[in-house]
Amino acid sequence: MDKVTLGKTGFEVNKNGFGALPIQRVSKKEAVYLLQKAFYNGINYFDTARAYSDSEEKLGAAFKYTRDRIIISTKSAAQTGEDMEKDLEESLRNLQTDYIDIYQFHNPAFCPRPGDGTGLYEAALRAKEAGKIRHIGITNHRIAVAKEAVESGLYETMQFPFSYLAAEQDVEIVEMCRRENMGFIAMKGLAGGLINDSACAYAYMNQPQFSHVAPIWGIQRESELDEFLSYQVCPPTLSGELQDKIDKDKKELTGDFCRGCGYCMPCPAGIEINNCARMSLMLRRAPSEAWLTEEWQAKMKKIEDCLHCGKCMNKCPYGLNTPDLLAKNYEDYKTFI
């Protein structure tokens with residue numbers, strides 16, 4: 001099976017990383033089954049976060065007795081060193097372990113550094129010296145912060161959105177990490193659900209120029225896990241058919257579109273922005289009936305209540321004009337009902 005070395009950490013992980021955000025939506029029994037099935041079929045890297053409700057607890061239940069055979073990364077969105085230390089202790093308890101392989105700052109609006117006044121990086125260093133974490137990483141959605149983190153030399157891994165819909169500036173981050181021997185962990189490899197052919201996504205990530213890229217696929221169902229496990233036996237390659245699909249998607253999805261990251265939320269008007277702002281794309285890329293229920297019609301109608309307060313725009317890591325996107329998607333949506 002295809003392997004990736006996560007930069008200076010030296011960790012060798014399966015090209016299929018298990019993104020554990022979605023397992024917070026299933027029962028503990030289902031989650032443990034999925035996690036253990038992944039492990040016993042060769043997946044050895046599992047990524048979670050303190051913010052993913054009970055995801056850490058489910059990993060702890062699944063891997064209490066096989067902890068030394070897997071790589072775990074988790075994250076803290078704390079704004080101070082003191083709060084980060086509290087997050088770390090809770091993560092250790094939830095994961096039923098005394099160390100975390102990669103501890104990541106969770107999408108900070110800035111690049112934490114020693115002496116910046118927050119105490120975040122100093123707290124991470126103390127935890128590393130105490131053996132509670134092995135390597136310090138960072139996740140981000142912002143190009144400027146990601147670049148600064150790579151150039152700082154302070155971090156051993158970068159987790160960043162990356163798929164075949166990536167813009168040139170996103171690919172530049174990937175290449176920067178290769179040059180600096182910094183582990184690159186690709187989140188949103190399916191572009192938040194916009195990519196509906198996982199074989200295309202895997203084949204793209206498995207190209208030689210991305211040999212250092214470790215994707216983490218968000219997995220919630222056994223059928224999803226089975227898809228990615230099948231690629232370990234028979235890896236898809238960028239054949240004419242798969243390349244044609246990728247080219248078609250790139251043509252359709254270039255420009256400004258909502259990636260569904262959710263950092264604009266919550267909305268003061270109660271709009272479910274991360275789905276409503278990309279409804280036009282979802283209607284055309286998934287069975288439309290699922291998006292035309294009375295429940296979804298009511299959610300889309302809430303766009304009429306937009307306050308145009310600008311809070312979503314200020315928080316969008318991609319600089320989108322979110323109220324404008326919402327309005328356009330709503331007008332389009334009404335043509336389907």
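Everything here concerns the structure above.
Computed from a predicted structure; not experimentally measured.

Draft legend 1. Local environment of the overall build of the protein chain. For the protein chain, the count of helices and strands is 14 helices and 10 strands. If one aligns the C-alpha atoms of the protein chain with their principal axes, the spans along those axes are about 60 × 50 × 40 Å. Out of the 337 residues in the protein chain, the part that is buried amounts to 54%. Pairs at least 24 apart in sequence give 74% of the contacts found in the protein chain among residues at least 6 apart. Here the protein chain has roughly 15,000 Å² of accessible surface; of this, 49% comes from carbon and sulfur atoms. Computed over 41 positive and 47 negative side-chain charges, the separation of the two mean positions in the protein chain equals 1 Å.

Draft legend 2. Quick look at the side chain of Thr 322. Here Thr 322 shows up in helix H14 (residues 322-334). Aside from chain neighbours lying at most four places away, what touches Thr 322 is Ile 273, Cys 312, Met 313 and Cys 316.

Draft legend 3. Layout of the sheet that holds strand E8 (residues 157-161). Strand order in the closed barrel made by the 8 strands is E3-E4-E5-E6-E7-E8-E9-E10, with parallel pairing throughout. In this sheet, neighbouring strand axes are inclined to one another by 25 degrees on average, regardless of whether the strands run parallel or antiparallel. Two strands pair when backbone bridges link them, and E8 and strand E9 (residues 183-187) are joined in this way by 5 bridges, in the parallel orientation. Looking across to E9, one finds that Pro 161 is bridged to Met 187. On the sheet, helix H7 (residues 198-205) packs against E9 and strand E10 (213-218) and is oriented at approximately 160 degrees with respect to E10.

Draft legend 4. Region of the structure containing the pairing of E8. Of all 5 residues that make up E8, 5 are buried, and the element is covered over most of its length. Of the two faces of E8, the one holding Thr 157, Gln 159 and Pro 161 and the one holding Met 158 and Phe 160 are both buried throughout. Pairing analysis gives 3 bridges linking strand E7 (residues 133-139) to E8, with the strands arranged parallel. By the bridge assignment for E8, Thr 139 is matched with Gln 159. For the segment spanning E7, helix H5 (residues 143-152) and E8, crossover handedness is right-handed.

About the criteria used
- Residues numbered from 1 in each chain as written.
- Predicted model: local features only at pLDDT ≥ 70, side-chain atom pairs only at ≥ 80, totals over all residues.
- Heavy atoms only, no water.
- Helix = DSSP H or I, 4+ residues; strand = E, 2+ residues; numbered from the N terminus.
- Buried < 20%, exposed > 50% of the residue type's maximum accessible area, 1.4 Å probe, protein only.
- Contact = heavy atoms within 4.5 Å.
- Areas by Shrake-Rupley, 256 points an atom, 1.4 Å probe, with all protein chains shown as cover.
- Lys, Arg positive; Asp, Glu negative; His and termini not counted.
- Charge placed at Lys NZ, Arg CZ, Asp CG, Glu CD.
- Pairing = 2+ DSSP bridges.
- Axes fitted to C-alpha atoms, helices over the stretch in contact; angles between N-to-C directions.
- Right-handed = clockwise from strand over helix to strand, strands pointing away.

As far as function goes, none of this settles anything; it's purely spatial.
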